[in-house]
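Overview (structure and organization)
Take a look at the letters that make up each chain.
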Amino acid sequence: EVSALVASAAAGSLDTVEVLLAHGADVHARDSIGRTALFSAVERGYPAIVDRFLAAGADLEAADKGGFTLTVDAPYVELHLAQLAGDEDLARYIL
């Protein structure tokens with residue numbers, strides 16, 4: 001089961017993320033493989049949502065069920081994807 005916050009982050013819906021957080025959604029909510037909403041936002045390239053989650057206290061060190069974390073494992077993958085997509089803002093954010 002995926003929380004509304006994780007689903008909204010994955011869809012890139014900042015407005016929905018804002019409403020959910022304002023109404024007490026758990027910023028640490030996870031999907032079925034243990035990835036947080038923050039992970040979904042980073043993975044899909046939504047820096048405004050990433051910023052919002054970080055401001056709400058999201059944990060950059062949270063590991064999924066496989067032990068994969070944003071700070072140790074994901075930056076290399078995400079930086080490469082951002083560069084391939086030509087997204088300089090996201091690439092700078094990751095660095």
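Before going into details, it helps to say that this report is about the structure given with it. What you see as residue numbers is a count from 1 along each chain, following the sequence as written. Where local features are concerned, this predicted model is filtered to residues with pLDDT of at least 70; where side-chain atom pairs are given and counted, the filter is 80 or more; whole-chain, interface and lining totals use all residues. The side-chain figures draw on all heavy atoms in the structure; neither hydrogens nor water molecules are used.

This paragraph deals with the overall build of the protein. Each helix is a run of H or I in the DSSP string that is no shorter than four residues. Each strand is a run of E no shorter than two, and both are numbered from the N terminus. Tallying secondary structure elements over the protein gives 6 helices and 0 strands in all. The helix and strand sequence of the protein, counted from the amino end, reads α-α-α-α-α-α. Taken across its 95 residues, the protein has 36% of its residues classed as buried. By the convention used here, residues are in contact when the closest approach between their heavy atoms is within 4.5 Å. Partitioning the intrachain contacts of the protein with sequence separation of at least 6 by distance along the chain shows that 59% fall at a separation of at least 24. Here the accessible surface of atoms and residues is derived via Shrake-Rupley with a 1.4 Å probe, and residues count as covered only by protein chains that are part of the display. For the protein, the exposed area adds up to about 5,300 Å²; of that, 55% sits on carbon and sulfur atoms. Only protein chains enter the area calculation, which uses a 1.4 Å probe; residues under 20% of their type maximum are buried, those over 50% are exposed, and those in between are partly exposed.

Two numbers describe how helix α1 (residues 4–11) lies on helix α2 (residues 14–22): the axes approach to 8 Å, and their chain directions differ by 160°. One element, α1, and the other, α2, form an angle in the roughly antiparallel class. The crossing of α1 and α2 is left-handed. Along its contact with α1, which presents Ala4, Leu5, Ser8 and Ala9, the element α2 presents Thr16, Val17, Leu20 and Leu21. Residue polarity follows a fixed list, in which Ala, Val, Leu, Ile, Met, Phe, Trp, Tyr, Cys and Pro are nonpolar, Asp, Glu, Lys and Arg are charged, and the others, Gly among them, are polar. Considering only residue class, the contact of α1 with α2 consists of 6 nonpolar, 2 polar and no charged. Interaxial angles span 0 to 180 degrees and are taken between N-to-C directions of axes, which are lines fitted to C-alpha atoms, for helices over the stretch in contact. In this scheme, roughly parallel covers angles under 35 degrees and roughly antiparallel covers those over 145, while 65 to 115 is roughly perpendicular and the rest are oblique. We call a crossing left-handed when the near helix sits turned anticlockwise from the far one by less than a right angle, and right-handed when that turn is clockwise.

Relative to the elements of secondary structure, aspartate 26 occurs in the loop between α2 and α3 (37–44). Along the sequence, aspartate 26 and alanine 37 sit 11 residues apart, while their C-alpha atoms lie 9.3 Å from each other. For this analysis, a polar contact is any N or O atom pair within 3.5 Å, provided that within protein one partner can donate a hydrogen and the other can accept it, and provided that sequence-adjacent residues contribute only side-chain to side-chain pairs. In terms of polar contacts, aspartate 26 uses its side chain to reach the backbone amide nitrogen of histidine 28, at 2.9 Å.

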